[in-house]
Amino acid sequence: MPDDVFKALADPTRRKILDELTERNGQTLFEICARLTTKHGLGSSRQAISQHLAVLEAAGLVRTRRQGRYKFHDLTTEPLERIVTRWLKPDAPEGAP
């Protein structure tokens, strides 16, 4: 599990996506692309951002939910909390924040 998280965090575009979801959770692909373009000057295609989101979802950092015809992306911090617990709180029980 941590390997997937580290792989997901290794890419600067994926970190910017997570930053945007931290600022405003529950965005559609279109909203994420628009924010990346306007705030960060990234000209990535929707397909490229969709692939980045798939990596983040596989790592457990993003969850998706459908509402009608829209697909919303939500940030999940559990994988990051497990990493922090592993190294910063080594005496804590496994799975505890």
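Remember, predicted model here, so these are calculated numbers, not experimental data. (Residues numbered from 1 in each chain as written. Predicted model: local features only at pLDDT ≥ 70, side-chain atom pairs only at ≥ 80, totals over all residues. Heavy atoms only, no water.)

**Description of the side chain of Thr 13**
Okay, so step 1: Inspection of the secondary structure puts Thr 13 in helix H2 (residues 12-23).
Okay, so step 2: Once you skip the residues sitting within four places of it in the chain, Thr 13 turns out to touch Leu 42, Ile 49 and His 52. (Helix = DSSP H or I, 4+ residues; strand = E, 2+ residues; numbered from the N terminus. Contact = heavy atoms within 4.5 Å.)

**Points about the side chain of Thr 76**
Okay, so step 1: Residue position: Thr 76 is located in the loop between strand E2 (70-75) and helix H5 (78-88).
Okay, so step 2: There is a polar contact of 2.4 Å between the side chain of Thr 76 and the backbone oxygen of Gly 60.
Okay, so step 3: In this structure Thr 76 touches Gly 60, Leu 61, Val 62 and Arg 63, once residues within four positions along its chain are discounted. (Polar contact = N/O pair within 3.5 Å; in protein donor to acceptor, adjacent residues only side chain to side chain.)

**With respect to H2**
Okay, so step 1: When the terminal C-alpha atoms of H2 are compared, their 17 Å separation across 12 residues agrees well with the 16 Å that a helix rising 1.5 Å per residue should span.
Okay, so step 2: All of the buried residues in H2 are Thr 13, Arg 14, Ile 17, Leu 18, Glu 20 and Leu 21. Around the axis of H2, the buried residues are gathered within 160 degrees of arc, so they sit on the same side. Exposed positions of H2 whose direction lies more than 90 degrees from the buried face are Thr 22 and Glu 23.
Okay, so step 3: Looking at the buried side of H2, the elements it contacts are helix H1 (2-10), helix H3 (29-40), helix H4 (46-58), strand E1 (62-67) and E2.
Okay, so step 4: Between the side-chain oxygen of the N-cap and the backbone nitrogen of Thr 13 there are 2.8 Å, and the N-cap of H2 in question is Asp 11. (Expected span 1.5 Å × (residues − 1). Buried < 20%, exposed > 50% of the residue type's maximum accessible area, 1.4 Å probe, protein only. Arc of directions from axis to C-beta.)

**Re the pairing of E1**
A regular strand places its side chains on the two faces of the sheet in alternate fashion.
Okay, so step 1: In this structure, E1 lies alongside E2, joined through 6 bridges in antiparallel fashion. Note on E2: the bridge partner recorded for Arg 65 is Phe 72.
Okay, so step 2: In this structure, the hairpin formed by E1 and E2 is closed by a connection of 2 residues, where Gly 68 is found at a positive phi of approximately 65 degrees. (Pairing = 2+ DSSP bridges.)

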